[in-house]
Amino acid sequence: MEKLPHNRIEKKFFLVLGATVVLTFISIGNVFPQVPALTSTDSGAVVLLKKHALLKSELTKNTYHRPVVFESQENAGKVSSAVYAILDSPFTTVSTTFRNSYLWCEVLILHLNTKYCHASSETASPARLAVNVGKKTPQELADTFLLEFSHRVTAETPEYFSIELHANNGPLNTTDYRLQLRAIPLLEGKTFIHLHYSYGYGFAGQLAMQTYLSTLGRGKVGFTKITSNEQSDYVGGMRGAIERNTMRYYLAIEAYLASLQRTDMQTPEARFQYWFDATQEYALQLHEIDRSSYLDMKKSEYKRQKSTSLNLR
């Protein structure tokens, strides 16, 4: 029987609602057999499939000129942002890539603020990532901040994949960093993903972030449009900051996956060029340095990443 992930997940969803559903494949004339109640993994896939259906029109036509939809929110002590997107890569490629902690380092180093990334042995449980973050300019590792992420595959089936990176502490007195990626297969060899990024902050963290936003981060905006006094503007502050970084992480994922499919992108330098060019499509939000400065910096940082092994603390 031909395997169509959408049809199978949708049927499970309708069964849970108590509906009587008969799904027939015109091409083969068969009906799915009765399926059991949803497991937690199945329900995660169904939730994501429902979200894809709700966002279908926005994914097709939006201001981003790519199949991407943004969400973000700021609550007391926490800020979060999410990207829903359609990737041109097959689901198996996405799940195989991001279950590997080592390959996360190949993705994260594309980000402007990532200065170094080292993955622990794949036999460790959970795997760990040591990620040094810092300025948007060349920087010695001793002057950067070390984020120690745990890397956990939280669900993995032929129809659903979920991974979480979690760090207890971050720069500027921020805490509870989470980078979560969930994915389901689509037809025609594509994948629908939900990339969620969040962190918490206390009073000291809030003051530190406000200081940054009133100095180096002054005037910077995110992607969500807000309306005030009949005028529309982009969100700023901490929501704007986390939206910018979520988009940078998403474009890093896109760049790395594109390199697996294109013969002209088989080198780290080609991925750096792809990422920089993609960010410049959103220059209002993401432009920070010129192309040659970014490429020179990343080539140096990547060389350091490959030639240096830091002990995880």
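For the structure itself, look to the data block above.
Since the structure is predicted, the reported quantities are computational estimates derived from the model, not experimental observations.

**Some thoughts on helix α7 (residues 237–261)**
Given a rise of 1.5 Å per residue, 25 residues ought to cover 36 Å, and the 37 Å separating the end C-alpha atoms of α7 matches this to within 8%. Burial analysis of α7 places 21 of its 25 residues in the buried class, the great majority of the element.

**Some points on the pattern of salt bridges**
Applying the stated criterion across every chain yields a total of 16 salt bridges. The closest approach of N and O atoms between R271 and E106, which form a salt bridge, is 2.9 Å. A residue pair is termed long-range when its members are at least 10 positions apart, and R271 in helix α8 (residues 268–279) and E106 in helix α5 (residues 101–108) qualify at 165 residues. Each member of the pair, R271 as well as E106, is classed as buried. Across the pair R262 and D264 runs a salt bridge, and its minimum N-O distance is 2.9 Å. Shared partners join several salt bridges into a network, and the residues in it are R66, E254 and E281.

**Here we look at helix α10 (residues 291–307)**
For α10, which comprises 17 residues, the first-to-last C-alpha distance of 24 Å matches the rise-based estimate of 24 Å (1.5 Å per residue) to within 8%. Buried within α10 we find Y294, L295, M297, K298, E301, Y302, R304 and Q305. Structurally, α10 contributes buried residues whose contacts are with α5, β3 (114–119) and α8.

**Observations concerning the state of the cysteines**
All chains considered together, the criterion is met by one disulfide. Disulfide pairing places C105 opposite C117 at an S-S distance of 2.1 Å. Its S-S torsion of about -65° marks the bond between C105 and C117 as left-handed, since a negative value means left-handed. Residue C105 is found in helix α5, and its partner C117 is found in strand β3; the two are separated by twelve residues along the sequence. Here C105 falls in the buried class, since its relative accessible area comes to 4%.

**A look at the sheet that holds strand β6 (residues 160–169)**
Taken in spatial order, the eight strands line up as β1-β2-β8-β7-β6-β5-β4-β3 in an open sheet, and their pairing is antiparallel. Only two strands of the sheet have a single partner each, and these edge strands are β1 (68–75) and β3. Taken pair by pair, the neighbouring strands of this sheet meet at an average axis angle of 15°, ignoring direction. Here β1 runs beside strand β2 (residues 78–87); their pairing, made up of eight bridges, is antiparallel.

**Focus: the nonpolar core**
In this structure, F98, W104, L129, M247, Y250 and Y294 are the most contacted members of the largest nonpolar core, which totals 64 residues. No other element matches the twelve residues that α7 contributes to this core. Excluding residues within four positions of it along the chain, Y294 makes contact with L110, L112, F272, W275, F276 and I289. Counting residues in each nonpolar core, the second largest holds 14 residues, with L55, V69, A82 and A155 among its members.

The rules we used
Residues numbered from 1 in each chain as written. Predicted model: local features only at pLDDT ≥ 70, side-chain atom pairs only at ≥ 80, totals over all residues. Heavy atoms only, no water. Helix = DSSP H or I, 4+ residues; strand = E, 2+ residues; numbered from the N terminus. Expected span 1.5 Å × (residues − 1). Buried < 20%, exposed > 50% of the residue type's maximum accessible area, 1.4 Å probe, protein only. Salt bridge = Lys/Arg side-chain N within 4 Å of Asp/Glu carboxyl O. Contact = heavy atoms within 4.5 Å. Disulfide = S-S within 2.5 Å. Pairing = 2+ DSSP bridges. Axes fitted to C-alpha atoms, helices over the stretch in contact; angles between N-to-C directions. Core = buried A, V, L, I, M, F, W, Y, C linked by side-chain atoms within 4.5 Å.

These figures capture arrangement, not role.
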